[in-house]
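In case you want the letters, here they are:
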Amino acid sequence: MKDIRKRVVIEADIELVWSFVTQSDKIAMWLMPNDFQAKKGHAFTMQCQVKDGSQGHIEAQVLELDPPQWLVYSWLIAEPRLQTQVSIRLSEVRGGTELNLVHSGWEPLGEDPEGLRELHDSIWSQLLGEKLRGLICGGGRS
Amino acid sequence: MTYRLQGIYTAIADPYRREMMDLLYEGELTAGELSDQFDISRPAVSRHLSILQDSGLVTVSKRGRLRVYQLNPDPLSEVFDWLHKYERFWDEGLYRLKLLAEEAAKKAKAEKPGVDDRP
């Protein structure tokens, strides 16, 4: 399964954007309540509200940190149990800061990490057609 | 109907089970017909089939005294939906981040007169 990739340009300087991705109270404002600390190796959790109202949480750990442009944390999803990874790169552009986020690790873990991709090739496209393919590619209507 | 994602991942992680799904994609088959296609024992084939049934990817129905297996692709759409939710999660989160950071940047500028082109 391919990575989730997001890009956004923010009209703010890089140090300010960096503070929003590395300060616990600021992260909580756009992402989730958390006990993040900008320290390599720091283990933290993010509290998430599940749709039915119950609380879930994401276990995470800071893997790489290079202020003010590079941050990687692990992101353990409970159900299905998947160890994924989020990386955030900031770069200065005219008029502000570009943020590139990559959320990777969607291959199912264990015996056959290529499982989903192979299945995608052999069955998904045939059975489910372009509609769902469009959905996952973010288009939906195209 | 909702399926357990973990079960779906487990089901499709195995190459034998994926091959069974490929065969069933061509049309329904009995356990015996499926077994003939594999070099593993019939009990082993049965175990794979029951894992596929548990995940919802394969359904079984009776034709007389025969049990016939069919492929049911619906659970796969759960996987897509779930990933799609993650896509939206980041879209919405990063949009909030953009608004918040831009607001903070404007405020910081306003507090430091003379550094921009304000009157």
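Residues numbered from 1 in each chain as written. Chains lettered and ligands numbered in written order. Predicted model: local features only at pLDDT ≥ 70, side-chain atom pairs only at ≥ 80, totals over all residues.

**Examining the overall build of chain B**
Rules: Only runs of H or I of at least four residues qualify as helices and only runs of E of at least two qualify as strands under DSSP, and these elements are numbered from the N terminus. Any pair of residues counts as being in contact when their C-beta atoms, constructed from backbone geometry, are within 7 Å of one another.
On a plain count of helices and strands, chain B comes out with five helices and three strands. When the helices and strands of chain B are placed in sequence order, the string is α-α-β-α-α-β-β-α. Within chain B, contacts between residues separated by at least 24 positions form 54% of all contacts whose residues are at least 6 apart in sequence.

**What about the environment of Q53 of chain B?**
Residue and element names in this part refer to chain B. Along the chain, the position of Q53 falls in helix α4 (residues 42-55). Once the C-alpha coordinates of Q53 and G7 are considered, the two residues, 46 residues apart in sequence, prove to be 9.8 Å apart. The contact partners of Q53, leaving out residues within four places of it in the chain, are V58 and V60.

**Thoughts on the packing of helix α2 (residues 15-26) of chain B against α4 of chain B**
Residue and element names in this part refer to chain B. Here is the rule we go by: Axis angles are defined between N-to-C directions and span 0 to 180 degrees, where every axis is a line fitted to C-alpha atoms and, for a helix, only to the segment in contact. For classification purposes, an angle smaller than 35 degrees is called roughly parallel, one larger than 145 roughly antiparallel, one from 65 to 115 roughly perpendicular, and anything else oblique. Residues were grouped as follows: Ala, Val, Leu, Ile, Met, Phe, Trp, Tyr, Cys and Pro as nonpolar; Asp, Glu, Lys and Arg as charged; and all remaining residues, including Gly, as polar.
Across the interface, α2 lies against α4 with an axial gap of 10 Å and an inter-helix angle of 75°. Relative to α4, the element α2 is oriented roughly perpendicular. Here Y16, R17 and M20 of α2 lie close against α4, whose contacting residues are H48, I51 and L52. Per-class residue counts for the contact of α2 with α4 are four nonpolar, one polar and one charged.

**Description of the sheet that holds strand β3 (residues 66-71) of chain B**
All names here are of chain B. Spelled out, the test is: Pairs of strands are assigned from DSSP output, requiring at least two bridges between the strands.
Pairing is antiparallel in the open sheet, where three strands are placed in the order β1-β3-β2. A strand with exactly one partner marks an edge of an open sheet, and here the two such strands are β1 (29-30) and β2 (58-63). With six bridges connecting them, β2 and β3 associate as antiparallel partners. Across the sheet, the residue bridging to V58 is L71, located in β3. The sheet strands contacting α2 are β1, β2 and β3, and the helix crosses β3 at an angle near 100°.

**Focus: the confidence of the model for chain B**
Caution is warranted with low-pLDDT regions, since their predicted coordinates should not be read in detail. All names here are of chain B. What counts here: The predictor rates its confidence in each residue with pLDDT, a number between 0 and 100.
Here chain B averages 84 in pLDDT, while 86% of its residues score no lower than 70. Considering each helix and strand of chain B separately, the mean pLDDT is smallest for helix α1 (residues 5-12), with a value of 75, and largest for β1, with 94. Here the complex is predicted with pTM 0.64, and the ipTM for its interfaces comes to 0.70.

**With respect to the nonpolar core**
We apply this condition: By definition, a nonpolar core groups buried Ala, Val, Leu, Ile, Met, Phe, Trp, Tyr and Cys residues that are joined through C-beta atoms within 7 Å. Put simply, a residue is buried when 20 or more other C-beta atoms lie within 10 Å of its own C-beta and exposed when 12 or fewer do; between those, it is partly exposed, and each C-beta is set from the backbone.
If you look at the biggest cluster of nonpolar residues, it comprises 19 residues, and the most contacted ones within it are V17, V21, I88 and L99 of chain A together with A101 of chain B. For this core, the secondary-structure elements that each account for two or more residues are α1 (14-22), β3 (55-66), β4 (70-77), β5 (82-93) and β6 (96-104) of chain A together with α5 (74-111) of chain B. At four residues, α1 of chain A tops the list of elements feeding residues into this core. Counting residues in hydrophobic clusters, the runner-up holds 16 residues, among them Y9, L34, L52 and V58 of chain B.

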